[in-house]
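# Structural features, examined
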Amino acid sequence: MAENKSFLLHVVTPDRTFYEGQVEMVEFNTTEGEIGVLPGHIPLTVILKPGILCIHEAEGEKEAALHAGFAEILPDGVTILAEIVEWPEEIDSNRAVAARDRAEERLHGRTPETDVARAETALQRAMARIEVLK
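Now for a quick tour of the structure. All of these numbers come straight from a predicted model, not from anything done at the bench. (Residues numbered from 1 in each chain as written. Predicted model: local features only at pLDDT ≥ 70, side-chain atom pairs only at ≥ 80, totals over all residues. Heavy atoms only, no water.)

## Remarks on the overall build of the protein chain
Condition: Each helix is a run of DSSP H or I of at least 4 residues and each strand a run of E of at least 2, with the numbering of both proceeding from the N terminus. Throughout, exposure labels follow a simple rule: accessible area from a 1.4 Å probe, protein chains only, divided by the maximum for the residue type, with under 20% read as buried, over 50% as exposed, and the rest as partly exposed. Contacts are assigned to residue pairs that have any heavy atoms within 4.5 Å of one another. Using the Shrake-Rupley algorithm and a 1.4 Å probe, accessible areas are obtained, with residue cover drawn only from the displayed protein chains.
Secondary structure summary: the protein chain contains two helices and 10 strands in total. Ordering the α and β elements of the protein chain from the N terminus gives β-β-β-β-β-β-β-β-β-β-α-α. Principal-axis analysis of the C-alpha atoms places the extent of the protein chain at approximately 60 × 30 × 25 Å. The 134 residues of the protein chain split such that 37% are buried. In the protein chain, the proportion of contacts linking residues at least 24 apart, taken out of those at least 6 apart, comes to 50%. Counting only carbon and sulfur atoms, one obtains 50% of the accessible surface of the protein chain, whose full area is about 8,100 Å².

Okay, structure coming up:
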């Protein structure tokens, strides 16, 4: 029996189909850590956290900033339902740096009123945007 070398990746946001195509591997961050998915992966559903979405196609790699959502992993495909996913050319670098600086400032100068979880998530999102631009 021939081994499948690719699978269908479908990445959807509330306002668009971000990506759909055959891939050899996909990598992303989950609440349990970073995961890499190859064809034939065991069925799994995971919660995504901000980070880099790395798509391995036969022609090469593509990276995007992925902010949050869920992923359904099946042996023959992966569906990612994401809040926001951005290609590098869609990211305003000045805005990403400003968002990082604001989040770091909130975390370093926090008061009892500071929403730490929200500030940490904002920092993770900003860092994903900055990282994908490199």
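## Focus on a nonpolar patch on the surface
For clarity, the threshold we go by: Residues form patches when they are more than 30% accessible in relative terms and have no salt bridge. Like charges link within 9 Å. Nonpolar side chains (Val, Leu, Ile, Met, Phe, Trp, Tyr) link within 5 Å. One side-chain nitrogen of Lys or Arg within 4 Å of one carboxyl oxygen of Asp or Glu is enough to make a salt bridge.
A surface patch of nonpolar side chains, amounting to about 300 Å² of accessible area, comprises Ile47, Phe70 and Leu81. The residue leucine 81 is located in strand β9 (residues 77-82) in this model.

## Quick look at the pairing of strand β3 (residues 25-30)
For clarity, the threshold we go by: Should DSSP find at least two bridges between two strands, the strands are regarded as paired.
Side chains of β3 alternate between two faces, with Val26, Phe28 and Thr30 buried and Met25, Glu27 and Asn29 left unburied. In this sheet, strand β4 (residues 33-37) lies alongside β3 in antiparallel orientation, the contact comprising five bridges. Each bridged residue has a counterpart across the sheet, and for asparagine 29 the counterpart in β4 is glutamate 34. Between β3 and β4, which pair antiparallel one after the other, the connecting turn spans two residues.

## Some remarks on the packing of aromatic side chains
Rule in force here: Think of it this way: a Phe, Tyr or Trp ring, Trp meaning its six-membered ring, pairs with another when their centres are within 6.5 Å, and the plane angle makes it stacked under 30 degrees, edge-to-face over 60, tilted otherwise.
Applying the stated rule across the entire model yields one aromatic pair. Ring centres 4.4 Å apart and planes at 20° place the aromatic pair phenylalanine 18 and tryptophan 87 in the stacked group. With phenylalanine 18 in strand β2 (residues 16-23) and tryptophan 87 in the loop between β10 (85-86) and α1 (93-108), this pair connects stretches of sequence that are 69 residues apart. Here phenylalanine 18 matches tryptophan 87 in class, with each residue buried.

## Quick word on the environment of leucine 66
In this structure, leucine 66 sits in strand β7 (residues 60-66). Sequence spacing of leucine 66 and glutamate 86 is 20 residues, and the spatial spacing of their C-alpha atoms is 6.7 Å. If near-sequence neighbours (up to four positions away) are discounted, leucine 66 is found in contact with Phe28, Leu48, Lys49, Pro50, Gly51, Leu53, Ile80, Ala82, Ile84 and Val85.

## Remarks on α1
The following threshold applies: One less than the residue count of a helix, multiplied by 1.5 Å, gives the span that helix is expected to have. Contacts described as polar in this section are N or O atom pairs within 3.5 Å, which, within protein, must combine one atom able to donate a hydrogen with one able to accept it, while residues neighboring in sequence count only if both atoms come from side chains.
The terminal C-alpha atoms of α1 lie 22 Å apart, and with 16 residues this matches the ideal 22 Å at 1.5 Å per residue to within 8%. At its buried positions, α1 is contacted by α2 (116-133). Capping the start of α1 is the job of one residue whose side-chain oxygen sits 3.0 Å from the backbone nitrogen of asparagine 94: aspartate 92.

## With respect to the layout of surface pockets
Threshold: Using only the protein atoms, space was sampled on a 1 Å grid; points where a 1.4 Å probe fits but cannot get out form cavities, open sets with protein on both sides within 12 Å along at least five of seven lines form pockets, and lining residues are those with an atom within 4 Å of a point. Grid points are joined across faces, edges and corners, and a volume is the space filled by probe spheres set on the points. Throughout this entry, Asp, Glu, Lys and Arg are counted as charged residues, while Ala, Val, Leu, Ile, Met, Phe, Trp, Tyr, Cys and Pro are counted as nonpolar. The remaining residues, Gly among them, count as polar.
In this structure, the largest pocket occupies an estimated 340 Å³ of space. Only α1 and α2 provide two or more residues apiece to the lining of the largest pocket. Split into classes, the residues belonging to the lining of the largest pocket amount to six nonpolar, one polar and nine charged.

## Re a positive patch on the surface
For the record, the criterion: In this count, Lys and Arg are taken as positive residues and Asp and Glu as negative ones, while His and the chain termini are left out. A single reference atom marks each charge: NZ on Lys, CZ on Arg, CG on Asp, CD on Glu.
On the surface, Arg95, Arg102, Arg106 and Arg118 cluster together into a patch of positive charge. Ranked by the residues each element gives to the positive patch, the list is headed by α1, at three residues. Here arginine 118 is to be found in helix α2. We classify arginine 118 as exposed; its relative accessible area is 64%.

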